[in-house]
Structure formats: structure tokens, C-alpha cells
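Summary of the model geometry
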Amino acid sequence: MSAFMDLNVIFTTDKPKMRSLIETAAQLGFSTVALNYVFEPTTKKKQEIPKPVAITELIDQLPVVQGRSRPIRVLNRLTIMVSDSSHFRPNAAEYRCFDLLAVQPTSEKLFHAACMLYDVDIICVTVTEKLPFLFKRAPVHGAIDRGLVFEVSYAAAIRDATMRRYTISNSVCLMETCKGKNVILSSAAEQPLELRGPYDITNLGLLFAMSDSDAKESVSSTCRSVVLHAEETQFGPHSATTWLVVCVMCRNQEDGQWDRLHREGWPAGGNRAHSRRRGSCSQEGQRSSD
């Protein structure tokens, strides 16, 4: 069974609304969502990049995903609206607070820079207005070779008929260049009613000129590759698959065998202070008493 993800749920300081968005996503079958902090810098004055809010401050207990026995996973994402080359600051310490980093360039020059130079995970495609430039094969395929993905969001198409036309037109233009590869479909939902189920989104992908297989991957395996790409960027090329493991062993007094009591790990090559800690494994074996 595929693990579905929505990597763009707009963050709001309204905690009840945020809880409702997360709960609705879990009910629709999404195993992972990313809370999107949108940052739009200006050239007139310096602005502080927002800091992600701890999930425990938003919701007491994460809801269980529909059809699965595990709670939903919540990531933090930063999206930078880039209208000037100075708006993206390489290696900024504030970026490391987020699990995913995205940019939305507003000009062809900035789009080319995002594809070929920027150290990001996601490049957002404008859906609220007519695309101010045409997609060219060189930067698009350069981004694909670097492991980046392009994102098309659909919530704007639900809100307004004009934006619906822009969403479809801009998406089709992108698909003609990338052939549906390395594309994720996300909601950019601000309200729970703007969320749609994974299979509805797959059908929407067909409207965007995606093949059936690419549309399915846009809410599952391609999203997973984004998360893995982000982890590799943070912790090194092997951190997503290689984990250092610590085992606590204790001799069982009855049979003299060693039992594993606890195990936890952190990414190999990563800084423990900044790594995403994995949960403890379930107890294996019976704990002995002295």
C-alpha cells in the first residue's frame, strides 16, 4: 500500500484550524504532511525568517492515519518567494530549522538559478497568475538531474475560476517540458475543506496532462524522494539509509542468553543535536531481574 503525502499545508497561527487540517489529512489517508511557512522577503527592510512551531504546541496527540495503525507524520517546510536574487541566502542557519526547503521564483532568470544553483528540495510553480515565462528544457532537466522536484498546488483552483485556468495552463506547460517526471501535487490548503483525497488528486493529475503512473507517484513515491533528498542534504549522502545503532543487552538468568532490551539510533555522519531521532524499537525478549 502506497504511503500518501501532502507536502504543502499552509501554516497558520490559528491552532484549532491547524489541528483540523492535520486531522482531516489523516482521515483522507495521508501518512505525512508538511506545514508550509511561506516567507516573502522585501528589498526595503530586513525581515526575520519564521521559526517552526513545535507540533506538540499545535496538537496534543497526532491522529492515526485512515487505514493504517500509525499516527500521521508532520514535517516543517519553508517556502521562500524569490523576486530578487538576494532573497535566497545559501547556507543560512535559519533554513536548517526546517525539514524541507522550497522556493517560488517569479522570473525566468531566478527560475534558472533555482534549477541549476539553489540548494533546495522543491521548486514551486506559480498557479495564481499567468506564468511570466516559458519553461525551457535545459534548466528543467538540470533540476531533475540534481534530484529536485517541481510542485503544482491545487487549492487555488478550488477557490477561484480564473486561478483554475492559470493552474491548468501553467501545469500543462510544465508537463510538456518535464514529461510529468519529478512533479509533486500538493494542496496548499488553508482550510480543511480545500483538502482532497489522494485518488482525487491523481485524477487531477490527468487533467494536468500527467500519465496515470506519474499522477499516482506525484502523491506518493515522488514525495518520498523529496523527503529523502532533504535528509541527504542535511546529514550527508548516506544518512537516509544508514543508521548507527546502539543496543542495550542483558543476560537472561533463566537460559543464559543475551536479550536486546532497547535500541535507538541517529543518522550516520549526522550531528545528533540536529538529527531526527528514531523511536525506540519494541522490546524484544524478556527483561531479567536481578
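Above this text is the structure in question.
Residues numbered from 1 in each chain as written. Predicted model: local features only at pLDDT ≥ 70, side-chain atom pairs only at ≥ 80, totals over all residues. Heavy atoms only, no water.

1. Here we look at the pairing of strand β3 (residues 73–82)
- Where burial is concerned, most of β3 is hidden: nine out of the ten residues are buried.
- Pairing between strand β2 (residues 30–39) and β3: eight bridges, direction parallel. Counted as the bridge partner of V33 is V74 from β3.
- Across six bridges, β3 lies against strand β4 (residues 100–105) in parallel orientation. Looking at the pairing, T79 lines up with A102 of β4. (Buried < 20%, exposed > 50% of the residue type's maximum accessible area, 1.4 Å probe, protein only. Helix = DSSP H or I, 4+ residues; strand = E, 2+ residues; numbered from the N terminus. Pairing = 2+ DSSP bridges.)

2. Things to note about the environment of T13
- Along the polypeptide, T13 turns up in the loop between β1 (4–10) and α1 (15–27).
- Owing to a relative accessible area of 69%, T13 belongs among the exposed residues under this scheme.
- Along the primary structure T13 and V53 are separated by 40 residues, whereas in three dimensions their C-alpha atoms are 9.2 Å apart.

3. A short note on the sheet that holds strand β7 (residues 183–186)
- Here seven strands make up an open sheet; going across it, the order is β1-β2-β3-β4-β5-β6-β7 and the pairing parallel. Two strands in the sheet have a free side with no partner beyond their single neighbour: β1 and β7. The sheet shows a mean angle of 30° between the axes of neighbouring strands, direction not considered.
- Against the sheet, helix α6 (residues 161–178) makes contact with β6 (149–153) and β7, and its axis sits at roughly 160° relative to β6, the strand it touches most. (Axes fitted to C-alpha atoms, helices over the stretch in contact; angles between N-to-C directions. Contact = heavy atoms within 4.5 Å.)

4. Digging into the pattern of salt bridges
- Applying the stated criterion across every chain yields a total of eight salt bridges.
- When the shortest N-O distance is used, the salt bridge between R73 and E231 registers 3.6 Å. On the criterion of sequence distance, the pair formed by R73 in strand β3 and E231 in helix α9 (residues 221–235) is long-range, its members being 158 residues apart.
- For R73, a relative accessible area of 34% puts it in the partly exposed group.
- Between E94 and R89 there is a salt bridge, with its nearest N and O atoms 3.6 Å apart.
- On the basis of relative accessibility, which here comes to 33%, the residue E94 falls in the partly exposed class. (Salt bridge = Lys/Arg side-chain N within 4 Å of Asp/Glu carboxyl O.)

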